[in-house]
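Residue strings, one per chain:
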Amino acid sequence: MSHDFHLNGLSPDEKVVELHTHSNMSDGLDPPEMLIQRAKSAGIRVISLTDHDTVAGLPRASAEAKKLGMEFIPGIEFTCDHDGRSVHLLGHFIQPDAPRLVAQIKTHESARVERMGEIIDRLQDCGLEIDGKDFFTSYANSPSITRGQLGAYMLKKGFARSREQVFEKYIGESAPAYVNLDILSPFDALELIHDAGGVGTLAHPKLSGCDDLIPAMAQAGLAGIEVEHPSQDEDAKRHYRKMAEEHDLLCLGGSDCHGIPHKRDRLGQFSQPLRLLLELSNRAKTRRAAT
């Protein structure tokens, strides 16, 4: 298929590519190795780990993928802010040790810890007796602290009956304990991804509600839109396919897998065809060659 990928014998339309996953280095439940093992069992041949604002799990995931004969694409999911809206940008084919990327990740890690402390303070103001020290101790091995981990902790401690209730009632964007992570714009994130040799894709755009950004981001070098995602129904998929066509963007997708207990096992349910992987790879090569 390509000199970069050892995928002989597979057709371009074979859906064996997973581009959006999370490990316990951010808000996933599985260690990187277990995520890769489960992906292998689900028939996935190419996988990218895209933890929130961290690349800490990439070496372990890459080593496990090599061990199992899978192709691995280094990735990240940047949490961005645009006028108070949370916008997520996926970066693929990045160089994890790129200096600007490393510096931004350190900034994100510190900001996330500070933000989480503020969220816990607000939860306590809401009457919930959450032990902040115990929470941070529970996730001491995760370099990227997210609301997903706090939600899991709150469920474990009996503060809510479901993850949906946690977010709707307490820590979702319209809930009383929500604190915005306002440190990076989508355009800054896209520039960082490009600087690290990668290409950027807009993740689950329906959740972000940021359609107005897509034309300008396409002009800034956005490679694609995540059309297929668990949060997007058929109407949303049609809508984003049309936007992608209008702005010469790839129609990509991924499971956004966080582990089985988080939701039903998504691995293998949103796999993408090899031809899209190669098109994404070519866009990354073209951008690197132009810089």
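Before reading on, note that the structure itself is shown above.
Here goes a summary of the coordinates provided. (Residues numbered from 1 in each chain as written. Predicted model: local features only at pLDDT ≥ 70, side-chain atom pairs only at ≥ 80, totals over all residues. Heavy atoms only, no water.)

### Some words on the packing of helix 1 (residues 32–41) against helix 2 (residues 58–67)
Next up, step 1: It is the contact of helix 1 with helix 2, at a shortest axis distance of 8 Å, that shows an interaxial angle of 35°. The handedness of the crossing between helix 1 and helix 2 is right-handed. When helix 1 is examined against helix 2, the residues Pro32, Glu33, Ile36 and Gln37 are found in contact with a partner set consisting of Arg60, Ala61, Glu64 and Ala65.
Next up, step 2: Counted by class, the contact of helix 1 with helix 2 contains four nonpolar, one polar and three charged residues. (Axes fitted to C-alpha atoms, helices over the stretch in contact; angles between N-to-C directions. Helix = DSSP H or I, 4+ residues; strand = E, 2+ residues; numbered from the N terminus. Left-handed = near helix turned anticlockwise from the far one by under 90°. Contact = heavy atoms within 4.5 Å. Nonpolar A, V, L, I, M, F, W, Y, C, P; charged D, E, K, R; others polar.)

### Things to note about helix 6 (residues 163–171)
Next up, step 1: Looking at helix 6, one finds that the buried residues are Gln165, Val166, Phe167, Tyr170 and Ile171.
Next up, step 2: For helix 6, the secondary structure elements touched by its buried residues are helix 3 (99–125) and helix 5 (147–156). (Buried < 20%, exposed > 50% of the residue type's maximum accessible area, 1.4 Å probe, protein only.)

### Here we look at the layout of surface pockets
Next up, step 1: By volume, the largest pocket is sized at about 750 Å³.
Next up, step 2: If you trace the largest pocket, you find 27 residues lining it, with Arg147, Arg163, Phe167, His204 and Leu207 closest to the centre.
Next up, step 3: Broken down by secondary-structure element, the contributors of at least two residues to the lining of the largest pocket are strand 3 (71–82), strand 4 (85–92), helix 3, helix 5, helix 6 and helix 8 (205–208).
Next up, step 4: If you tally residues by element for the lining of the largest pocket, the top one is helix 6, at four residues.
Next up, step 5: The residue inventory of the lining of the largest pocket, partitioned by class, reads two nonpolar, 13 polar and twelve charged. (1 Å grid on protein atoms, 1.4 Å probe; cavity = no way out; pocket = protein on both sides within 12 Å on 5 of 7 lines; lining within 4 Å. Points joined across faces, edges and corners; volume = space filled by probe spheres on them.)

### Some details on the pattern of salt bridges
Next up, step 1: A complete count under the given rule lists twelve salt bridges for this structure.
Next up, step 2: Its salt-bridge partner being Arg100, residue Asp195 comes within 3.8 Å of it at the nearest N-O pair. In this pair, Asp195 sits in helix 7 (residues 186–195) while Arg100 sits in helix 3, placing the two residues 95 residues apart along the sequence.
Next up, step 3: Between Asp233 and Lys206 there is a salt bridge, with its nearest N and O atoms 3.9 Å apart. Placement of the pair is Asp233 in the loop between strand 6 (224–228) and helix 10 (234–246) and Lys206 in helix 8, with a sequence separation of 27 residues. (Salt bridge = Lys/Arg side-chain N within 4 Å of Asp/Glu carboxyl O.)

The values reported here are purely geometric and, on their own, carry no functional implication.
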